[in-house]
Amino acid sequence: GIEYYLEVLPVEDVKLNFGFTAVNAYLSSFTGSFNQLNNAAAARGTPIEVLGKQLGNVQPYTITAGGEWKMDQYVEGVTFNWLLKSWPKYYSNTLQQNYGNSTYNPTNVSSEMGGATVIDLGVRYRAAKQVTFTLSAQNVGNAQYVTNPSTTSSQVPYTGMPFTVLGGFEFNY
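Digging into the pairing of strand 8 (residues 131-138)
Where strand 7 (residues 116-126) lies against strand 8, 6 bridges are found, and the strand directions are antiparallel. Paired with Gly 122 across the two strands is Ser 136, which belongs to strand 8. Adjacent in sequence and paired antiparallel, strand 7 and strand 8 are bridged by 4 residues. Both strand 8 and strand 11 (residues 164-171) contribute to a ladder of 8 bridges, which runs antiparallel. Within strand 11, the position partnered with Ala 137 by the bridge is Val 165.

Encoded structure:
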């Protein structure tokens, strides 16, 4: 894999950042009982051909962009921040990539994971040296995505966090 991160300060009170992460995770070989299982499946005409395929539940790449604006010139102690995170569709199982929706697709192979773009916003107010208040809105566009698919009829898939507003305070003594 590779990870790239860039942060720039275009003006004194503003930071902008950009990140890119790419992961190419795959099996290069297998031995022992899995090799025997593959040979048995191949004898039935449906080998488990997962070698050289991206592993399931691994996002091939993720793009992030965000920033922070210290708004002291307008309101003393206020900082506004934002984050955009985006990823493409990917598969929840290596077998799904091999067989797709063909007749050889095993029935317990879960579906592809949809890509999404999520935007988070936040504001922080330092009211005093010891007291800071925070407010954040996560997944502002209420993007719908699955983080862990169901692979059996008795398992419920996990979905990503819907639009959520959180607040809090910090007291340092």
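Regarding unusual backbone geometry
Its identity is not glycine, yet Asn 139 carries a phi of approximately 55 degrees, on the positive side. For Asn 139, the position within the fold is in the loop between strand 8 and strand 9 (146-148). With a phi close to 55 degrees, Asn 142 is a non-glycine residue in the positive phi region. Mapped onto the fold, Asn 142 is located in the loop between strand 8 and strand 9.

Observations regarding the nonpolar core
Counting 7 residues, the largest nonpolar core consists of Trp 87, Tyr 90, Met 113, Ala 116, Val 118, Ala 143 and Tyr 145. Look past the residues within four positions of Tyr 145 in its chain and what remains in contact with it is Trp 87, Gly 114, Ala 116, Val 118, Asn 139, Thr 159, Gly 160 and Met 161.

Digging into the pairing of strand 4 (residues 78-87)
Where strand 3 (residues 61-70) and strand 4 come together, 8 bridges link them in antiparallel fashion. Each residue of the ladder has a partner; that of Ile 63, found in strand 4, is Ser 86.

Some words on the environment of Leu 9
Within the secondary structure, Leu 9 is located in strand 1 (residues 2-11). With 59 residues separating them in the primary sequence, Leu 9 and Glu 68 have C-alpha atoms 9.7 Å apart. Not counting residues up to four positions away in its chain, the partners in contact with Leu 9 are Val 14 and Lys 15.

A short note on the packing of aromatic side chains
How two aromatic rings sit relative to each other is set out by the distance from centre to centre and by the angle between their planes. According to the stated counting rule, one finds 7 aromatic pairs in the structure shown. On the numbers, 6.5 Å between centres and 45 degrees between planes, the contact of Phe 133 with Phe 169 is tilted. In this pair, Phe 133 sits in strand 8 while Phe 169 sits in strand 11, placing the two residues 36 residues apart along the sequence. The class for Phe 169 is exposed, based on a relative accessible area of 63%.

Quick word on the environment of Ala 143
Along the chain, Ala 143 falls in the loop between strand 8 and strand 9. Each C-alpha atom, one on Ala 143 and one on Ala 116, is 6.5 Å from the other, the two residues being 27 residues apart in sequence. Not counting the four nearest positions on each side in its chain, Ala 143 is found in contact with Ala 116, Thr 117 and Val 118.

Procedures and definitions
- Residues numbered from 1 in each chain as written.
- Predicted model: local features only at pLDDT ≥ 70, side-chain atom pairs only at ≥ 80, totals over all residues.
- Heavy atoms only, no water.
- Pairing = 2+ DSSP bridges.
- Helix = DSSP H or I, 4+ residues; strand = E, 2+ residues; numbered from the N terminus.
- Core = buried A, V, L, I, M, F, W, Y, C linked by side-chain atoms within 4.5 Å.
- Buried < 20%, exposed > 50% of the residue type's maximum accessible area, 1.4 Å probe, protein only.
- Contact = heavy atoms within 4.5 Å.
- Phe/Tyr/Trp six-rings, centres within 6.5 Å; stacked < 30°, edge-to-face > 60°.

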